[in-house]
Amino acid sequence: MSFINEYSNHEIKAFDKDHVWHHLTPGSAADNGLPVFVKGQGLDLWDIDGNQYLDASAGGVWVTNTGYGRKEIVDAISEQLLELNFFASAMGNKPAAVFANHLIDKMPGMNRVFYSSSGSEANEKAFKMVRQISHKKYAGKKSKILYRERDYHGTTIAALSATGQSQRRDQFGPFVPDFVEFPHCFEYRSQFEDSTDYGLKAAKLMEDVILQEGPDTVGAVIIEPITAGGGIITPPEGYLKAVEQICKKHNVLLILDEVVCGLGRTGKWFGYQHYDIQPDIVTMAKGVASGYAAISCTVTTEAVYKDLQESDNTDKLGYFRDISTYGGCLAGPAAAIANMNIIEEENLIENSAKMGELLLAGLQTLKTKHAIIGDVRGKGLLVGIELVTDRVNKQPVDESVAVSLFAKCKQAGLLIGRTNRSFAEFNNILNMSPALCVTEAQIQQILTTLDQAFADITVDLT
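A few points on the structure. (Residues numbered from 1 in each chain as written. Predicted model: local features only at pLDDT ≥ 70, side-chain atom pairs only at ≥ 80, totals over all residues. Heavy atoms only, no water.)

What follows concerns the state of the cysteines. Applying the stated criterion across every chain yields a total of zero disulfides. With no disulfide partner, Cys 185 has as its closest neighbouring cysteine sulfur the one in Cys 261, 12 Å distant. The class for Cys 185 is buried, based on a relative accessible area of 3%. In this structure Cys 437 is a free cysteine whose sulfur lies 19 Å from that of Cys 261, the closest cysteine sulfur available. (Disulfide = S-S within 2.5 Å. Buried < 20%, exposed > 50% of the residue type's maximum accessible area, 1.4 Å probe, protein only.)

See the structure below:
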């Protein structure tokens with residue numbers, strides 16, 4: 001830190017503007033200068049100019065589940081790195097073993113943890129598992145992986161190949177073969193004139209794609225239990241149970257991407273646990289260590305693990321021959337253990353559920369005041385607002401309106417999220433995902449700031 005502090009604030013801002021290539025940020029925005037954050041505590045952030053913000057976006061991308069300034073996590077990392085910082089995960093270590101045991105205790109039916117360093121990588125591992133099982137058990141034929149329209153699974157080429165968001169994919173192809181899209185389950189924008197039993201109908205749309213492709217060619221389905229960046233879409237009644245049953249019927253592995261939903265974000269340890277289903281593979285990252293260290297996990301049933309072991313001493317290629325370099329960094333599991341301890345000791349799962357209900361109720365009240373709000377939805381502290389020009393025809397507002405609302409909140413000291421360069425038409429959704437330690441007073445601050453921003457944008461649009 002002393003080396004960093006040798007530079008003035010003006011110099012640091014210049015270094016940032018001149019040399020840092022910012023994620024998801026157009027050059028024109030970067031040229032105007034971006035906030036340089038220097039301190040965080042709880043949900044509060046301060047930038048280099050001394051401006052204070054309430055972060056209702058968990059670090060901008062659903063990461064900081066236990067909030068900023070958690071000394072106990074930093075101490076756990078420091079103590080572990082002084083003791084031992086790294087050895088490739090081909091060998092064992094204490095924090096990886098302990099965290100795997102703690103994690104599996106929260107996931108009945110699951111049994112094995114494969115470590116890596118990002119959500120994209122965790123999903124890549126899952127895809128490679130499916131492909132290797134296809135070769136070992138089905139002569140390579142059962143290799144197709146189905147993904148859902150509007151879901152996002154990562155930034156690598158294979159993960160983008162499984163992403164149902166057009167603007168995320170544009171100009172990055174060609175993509176990996178044998179990834180096949182199936183229709184969304186977004187009841188607010190139903191595909192059917194009659195939405196009775198919508199969840200079952202939407203699940204049948206997935207089965208139709210399996211049948212069209214041929215069940216003997218489909219190895220897995222990957223979905224987010226609650227679609228995050230694609231619009232905060234909660235599954236309609238009966239949908240996930242039907243998806244599980246369809247996968248079992250056609251001998252298709254079910255992969256659940258919990259990169260956003262996992263570790264308490266939705267008011268349970270994992271999003272899928274609201275819906276009484278049993279996945280074959282679960283991926284997670286982000287909230288696993290709340291951003292204090294890079295870690296992700298691909299968690300499987302024992303059956304999947306056994307399918308990826310050698311059959312005998314002559315089967316030299318039969319096991320899962322994969323590695324993640326930084327899956328061997330002990331900072332990750334050390335941070336994850338401390339992070340999980342905080343979640344348990346401070347009852348943050350319960351707080352997520354309780355504060356999420358309060359936030360949703362408050363947003364419903366705002367909906368009665370502001371006609372631009374077409375829909376409010378979410379679970380726990382994963383909440384979205386869909387903006388429309390007209391509630392009857394549900395015409396989405398132009399993306400510029402969402403950008404303007406985001407900016408008004410930021411100017412007022414509130415950081416929220418929004419659907420960003422994901423769709424040609426539906427970048428009209430704001431999202432809130434405060435840390436799980438959010439208080440009732442902070443929820444009210446979020447609602448008050450949003451209320452004023454909506455009032456201001458209404459004036460701007462008239």
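So, next bit.
Turning our attention to the packing of helix α14 (residues 399–411) against helix α15 (residues 440–461). Two elements in contact, α14 and α15, have axes separated by 9 Å at closest approach and are oriented at 135 degrees. Considering the angle they form, α14 stands oblique to α15. Helix-helix and strand crossings are classified by hand; for α14 and α15 the assignment is right-handed. Judged by residue contacts, Val 401, Ser 404, Leu 405, Lys 408 and Cys 409 of α14 engage Thr 449, Leu 450, Ala 453, Phe 454, Asp 456, Ile 457, Asp 460 and Leu 461 from α15. (Axes fitted to C-alpha atoms, helices over the stretch in contact; angles between N-to-C directions. Helix = DSSP H or I, 4+ residues; strand = E, 2+ residues; numbered from the N terminus. Parallel < 35°, antiparallel > 145°, perpendicular 65-115°, else oblique. Left-handed = near helix turned anticlockwise from the far one by under 90°. Contact = heavy atoms within 4.5 Å.)

With that out of the way, let us pick up the packing of aromatic side chains. This model, assessed by the stated rule, comprises nine aromatic pairs. Ring geometry for Phe 114 versus Phe 320: centroids 5.5 Å apart, planes at 70 degrees, classification edge-to-face. Here Phe 114 is found in strand β4 (residues 112–116), whereas its partner Phe 320 is found in the loop between α11 (302–307) and α12 (331–345), with 206 residues between them in sequence. What makes Phe 320 buried here is its relative accessible area of 13%. Taking NZ or CZ as reference, Lys 142 lies 5.9 Å from the ring centre of Tyr 138, over its face. Taking the ring centre of Phe 406 as reference, the NZ or CZ of Arg 418 above it sits at 6.0 Å. (Phe/Tyr/Trp six-rings, centres within 6.5 Å; stacked < 30°, edge-to-face > 60°. Lys NZ or Arg CZ within 6 Å of the ring centre and 35° of its normal.)

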